[in-house]
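Observations on the three-dimensional arrangement
Below, each chain spelled out in residue letters.
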Amino acid sequence: MKKTFLGLMAACAAGVFGATSVSLDGEWKLDYFPQPDAGAVRSLPLAADLGAQTVKATVPGNCELDLVNAGLLPPMEIGLNVMQLRPYEAYQWLYTKTFDAPAVDVKSGSRAALVFGGIDTLADIFLNGEKIGESENMLVERRFDVTKKLKKGANTVQVLLRPVLLDSQYATVGEMGGASEPGADGERYRKAAHMGGWDIFPRVFVQGLWRNVSLEIEDPVRLRECVWMIKNLDVKSRRADFKFRSRLEAPFSIMDKANLRLTLSRNGQSRQVADFPVYSYHPIADFTLTNADLWWPRGSGEPALYDAVAEIVAQDGTVLARDARKVGVRSIELVRDDVYGKDRPGQFLFKVNGEPTYVRGSNWVPLDSFHGRDQQHLIPTLEMWKDLNCNMVRVWGGGVYEPDEFFDWCDANGVMVWQDFMTGCGVFPQDDAYAQATREEIQSIVIRHRNHPSIALWSGNNENDGAFTWFVGRTLHRDPNLDRNSRKTIPDVLFEYDLTRPYLPSSPYYSPDVAAGKAKPSEDHLWGARAYYKVPFYTNSPCWFASEMGYHGCPNLESLKKMMTPGCVSPWKEITNNGANPHKDFHWNDEWQLKACNAGLKNGVMRHGTRNNLMTNQAKIMFGEVAQNVEGFVEQSQTVQAEAMKTFCELFRSRKFTRFNGLIWWNVRDGWPIISDAVVDYYGGKKKAYFALKNAQKNQMVCVVDDHTAWAINDERRAVKGHVKISDKATGKVWMEKDIEIPANGKLELGKIPFAGQGLVVIEATLDGKPFHNHFLYGEPPFKWSDVKAWLPDYAAECGE
């Protein structure tokens, strides 16, 4: 045993050991064929009579995109082309790549693993013709130990995919099921829910190796599952008590002959170093950090991060294993209570480091229908959150778990993460097999990401509680609190693996009292009829927090021209009944309907044109008539969206901590070329609402609301001085001008503005030495479109672009 340990140290000192990662990304060979009626092919080699065809594949990627790249399919983003994917939902695909493997010193305890960042979805994995494993979940990383299976020199890895659609015919679906027939096809499978078709995504039921693939040669000594938990934080004295835990894989020969060394550094300066003897495969250590720099969300302070390094160190100083990551020192609390009435008004309030924190956020939807392209969109999309001054991102439960880089960025930029687990808008299976699959998925995600200070909340799902009544009616509905997944399986995992964060079973959450009709949820999704944006549904909601709230807006004309064929951008609607009623006697052409977007298949055609009707109805309410040319319609629609989103944001902030504690609006960017309520389209085209929201979400701002009150808001933890001037656009009359001081993390009522009729309030201010401009469109609709165009400023210029 002594000899083994000395040999291990000598090898490390000589640099023999050291984790090696061999990327297998890039070009692969892809064979594809329709799945035989007799059943899926599960073994290799492929039979000649399958008639498989072959193309070059790119990993990360998607099989169907490889057909596009080969010229066998047209670009999917344009027109109705995405409908050509339908036949390929029944295809099987075989990825093949040959690679040279480095040597693995098996005797020393080194190991080799094939690592797949994401396999979509049902797969058999082979190495050198031998099956090494299976995968049935596209949402989590898969690792396969190949230590004893690698050959010297060339090796061949193959991944044989089979379609979820055909497999689903053998899967029993409960009576309460999914939102639509196509949705039910994927209900039992751990595949991104939006891929079956959603109101914000077309049906793109594709397959592929959508994340990185690598061969990892691992050291003989390995630190796993390291967690730096803050068990106590005294904010006033800046003292943080840590508990470190990990799992160690190593030869027994190192026991009692090595130390666990923990180091916390910041800005290159060591702040804490502590050594602990290693005598267990599950090391635990307690230590204290004094004068800690705290992690704060955006607008509340600096998001301070520490370099946290855990090492296994031999007695002579040789480092045998190392784990390095970033951690933050902070506490997160969610104060929550249902809304019962005047005597018990409810609550939904985030506190960071004990400080009440108003949430300025937006929803994160998948970056692309083809997830093999996600990485190229990741950082540019996150930078929009920064530009919009969001302090929270809600990762919506109908997509995928974002990669490490997403959370790293949020950590560094002070953006809190509300993380839905990935189910949405359905009642999912309650059996043992599904519960076990759920447990494995949640455990994998929580262990991987629990050290990120940005993660503020785990949420069980998106709208599943509501789904318990959607599909069978209220007479036959079941209590969502009986749901095994969100009420038992997930919280059991969190009880074991993350004690530091709040958990919300569903968004919105129907507690037993809410489900029984005795109370209202304190957190809600405010959609409603989506007609006029100042109706009581929006202005008088009983909830304390809205985690979804949005309004449609047509994309820029340039983007419409990219996503549609030339003949379909305009004329954008087809006249019926001789056009006697220009507002009713038309229907949307097929491309406008498909881009609206698809929530399912109807008679073989994917349509959801009612979403476009929202835009025309909203324009008609606002202006009395809808522009009859596409250029005018785009401008009208974007103006209504901008005013609506601006109004929502300013209304919520004006009632900060007295009625509303946060708004996570819907949403920043589309993951497909569609017509939607996002404020940035798939191509990066920013709608007017983007700039209106950028202005409304500044740390300090001044606004006027419908009850004639002017408010000054400050989200920073220090008082801010300024000067405000409020006047009327048409007359130039100054209604208010004065110096102000806005309290720390608070608001200041400035007084009443005596507007009447229709017009525009102009706000000019200097806040904390910086200029601020805003406006308020007052009066009841309809407005004359020509008046509104004359009154309104350029939204980009107003926010300082």
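Residues numbered from 1 in each chain as written. Predicted model: local features only at pLDDT ≥ 70, side-chain atom pairs only at ≥ 80, totals over all residues. Heavy atoms only, no water.

Turning our eyes to something else, we now look at the overall build of the protein chain. Helix and strand counts for the protein chain stand at 20 helices and 39 strands. Against the globule reference of 28 Å for 801 residues, the protein chain gives a C-alpha radius of gyration of 28 Å, in line with a compact fold. With the C-alpha coordinates of the protein chain rotated into their principal frame, the extents come out at 90 × 70 × 50 Å. Looking at the protein chain as a whole, 59% of its 801 residues qualify as buried. Sequence-distant contacts, at least 24 apart, represent 70% of the contacts inside the protein chain between residues at least 6 apart. Of the roughly 31200 Å² of accessible surface on the protein chain, 50% is carried by carbon and sulfur atoms. Separation of charge centres in the protein chain, based on 93 positive and 99 negative side chains, amounts to 3 Å. (Helix = DSSP H or I, 4+ residues; strand = E, 2+ residues; numbered from the N terminus. Rg over C-alpha atoms; globule rule 2.2 N^0.38 Å. Buried < 20%, exposed > 50% of the residue type's maximum accessible area, 1.4 Å probe, protein only. Contact = heavy atoms within 4.5 Å. Areas by Shrake-Rupley, 256 points an atom, 1.4 Å probe, with all protein chains shown as cover. Lys, Arg positive; Asp, Glu negative; His and termini not counted. Charge placed at Lys NZ, Arg CZ, Asp CG, Glu CD.)

Okay, the sheet that holds strand β15 (residues 258-266) next. Sheet architecture is open: 4 strands sit in the order β16-β15-β18-β19, paired in antiparallel fashion. Of all strands in the sheet, those with a lone pairing partner are β16 (269-277) and β19 (319-327), marking the two edges. The average undirected angle you get between the axes of adjacent strands in this sheet is 15°. The pairing of β15 with β16 spans 8 bridges and is classified as antiparallel. Each bridged residue has a counterpart across the sheet, and for L264 the counterpart in β16 is Q272. (Pairing = 2+ DSSP bridges. Axes fitted to C-alpha atoms, helices over the stretch in contact; angles between N-to-C directions.)

Take the packing of helix α7 (residues 432-449) against helix α10 (residues 484-497) next. Closest axis-to-axis distance for the α7/α10 pair is 9 Å, and the angle between their directions is 40°. Classified by the angle between their axes, α7 and α10 sit oblique to one another. Regarding α7 and α10, the two cross each other, and that crossing is right-handed. Together, D432, Y434, A435, T438, R439, I442, Q443, V446 and I447 of α7 and R484, N485, T489, I490, D492, V493, L494, E496 and Y497 of α10 make up the contact between the two elements. (Parallel < 35°, antiparallel > 145°, perpendicular 65-115°, else oblique. Left-handed = near helix turned anticlockwise from the far one by under 90°.)

Bringing the sheet that holds strand β1 (residues 20-23) into the picture now. Where strands meet in a sheet, backbone hydrogen bonds hold them as pairs that are either parallel or antiparallel. Strands sit in the order β1-β12-β5-β9 across an open sheet of 4 strands; the sheet is antiparallel. The two strands at the open ends of the sheet, each matched to only one other strand, are β1 and β9 (142-145). Here the average twist between neighbouring strands, direction ignored, is 25°. Sheet topology places strand β5 (residues 111-116) next to strand β12 (residues 213-218); 6 bridges connect them, and they run antiparallel. Bridge pairing in β12 links V115 to S214.

The next thing to look at is the side chain of D374. Turning to its location among the elements, D374 is positioned in helix α5 (residues 374-387). Here D374 occupies a buried position and makes no salt bridge, while the nearest side chain of opposite charge, R211, is found at 5.2 Å. Engagement of the side chain of D374 in a polar contact is seen with the backbone nitrogen of D368, the distance being 3.5 Å. Beyond its immediate chain neighbours, meaning those up to four positions away, D374 contacts W210, L367, D368 and V400. (Salt bridge = Lys/Arg side-chain N within 4 Å of Asp/Glu carboxyl O. Polar contact = N/O pair within 3.5 Å; in protein donor to acceptor, adjacent residues only side chain to side chain.)

Taking 1.5 Å per residue as the helical rise, α10 with its 14 residues ought to reach 20 Å, and the 19 Å between its terminal C-alpha atoms agrees with that figure. At P491, α10 shows its largest bend, some 30°. Considered for burial, the residues of α10 that qualify are N485, S486, R487, T489, I490, V493 and L494. (Expected span 1.5 Å × (residues − 1). Bend = angle between axes of the 7 residues up to and from the residue.)

On to the pattern of salt bridges, then. All told, the structure shown has 55 salt bridges when counted by the stated rule. With a shortest N-O distance of 2.7 Å, R190 and E441 are connected by a salt bridge. Within this pair, whereas R190 is found in the loop between α4 (181-185) and β11 (208-209), its partner E441 is found in helix α7, the two being separated by 251 residues in sequence. Note on accessibility: R190 and E441 belong to one class, buried. For D768, the salt bridge identified is with R718, shortest N-O distance 2.4 Å. Within this pair, whereas D768 is found in the loop between β38 (759-767) and β39 (770-778), its partner R718 is found in the loop between β34 (709-714) and β35 (720-728), the two being separated by 50 residues in sequence.

It is worth spelling out the nonpolar core at this point. Side chains that are nonpolar tend, in soluble globular proteins, to be buried together. Core analysis: the biggest nonpolar cluster contains 149 residues, and Y95, F116, F406 and L560 have the highest contact counts within it. Among the elements that line this core, the one with the most residues is helix α17 (residues 630-654), at 10 residues. One finds V221, A240, I312 and F545 within the second-largest nonpolar core, a separate group that totals 54 residues. (Core = buried A, V, L, I, M, F, W, Y, C linked by side-chain atoms within 4.5 Å.)

To continue, consider the side chain of D338. Examined against the element boundaries, D338 turns out to sit in the loop between β20 (332-337) and β21 (347-352). No salt bridge is formed by the buried D338, whose closest oppositely charged neighbour, R336, lies at an N-O distance of 4.4 Å. A polar side-chain atom of D338 sits 2.4 Å from a polar atom in the side chain of S511. Not counting residues within four places of it along the chain, the set of residues in contact with D338 comprises R344, P345, G346, S511, D513, V514, A519, K520 and S522.

The next subject is the confidence of the model for the protein chain. Mean pLDDT for the protein chain: 92, with 92% of residues reaching 70 or above. Counting interchain partners and residues more than four positions distant, the pLDDT-below-50 stretch residues 603-607 has 15 contacts. (pLDDT = per-residue confidence, 0-100.)

For the rest of this paragraph, the subject is the packing of α5 against helix α6 (residues 404-413). The description of two packed helices rests on the angle between their axes and on the distance between the axes. At a minimum axis distance of 11 Å, the contact between α5 and α6 shows a crossing angle of 20°. By the angle between their axes, α5 is roughly parallel relative to α6. Relative to α6, the crossing made by α5 is right-handed. On the side of α5, the interface is formed by Q375, L378, I379, L382, E383, W385 and K386, while α6 contributes E405, F406, W409, C410 and N413. When its residues are assigned to classes, the contact of α5 with α6 shows 7 nonpolar, 2 polar and 3 charged. (Nonpolar A, V, L, I, M, F, W, Y, C, P; charged D, E, K, R; others polar.)

Tallying each qualifying case throughout the model produces 41 aromatic pairs. Here F652 and F660 contribute two aromatic rings whose centre-to-centre distance is 3.8 Å and whose plane-to-plane angle is 10°, an arrangement assigned as stacked. Centroid distance W672 to Y682: 6.1 Å. Interplanar angle 50°. Geometry classified as tilted. Of this pair, W672 sits in the loop between β32 (662-665) and α18 (688-696) while Y682 sits in the loop between β32 and α18, and the two are 10 residues apart along the sequence. Under the relative-accessibility criterion, Y682 is labelled buried at 10%. (Phe/Tyr/Trp six-rings, centres within 6.5 Å; stacked < 30°, edge-to-face > 60°.)

A few words on unusual backbone geometry. Trans peptide bonds make up most of the peptide bonds, and negative phi angles are found at most residues other than glycine. For the bond from V59 to P60, the omega torsion is 0°, close enough to zero to count as cis. Within the element layout of this structure, P60 appears in the loop between β3 (53-59) and α2 (63-69). Omega for the peptide link from S507 to P508 comes to -5°, which places this bond in the cis form. Within the chain, E225 stands out as a residue other than glycine whose phi angle is a positive 55°. Under the relative-accessibility criterion, E225 is labelled partly exposed at 35%.

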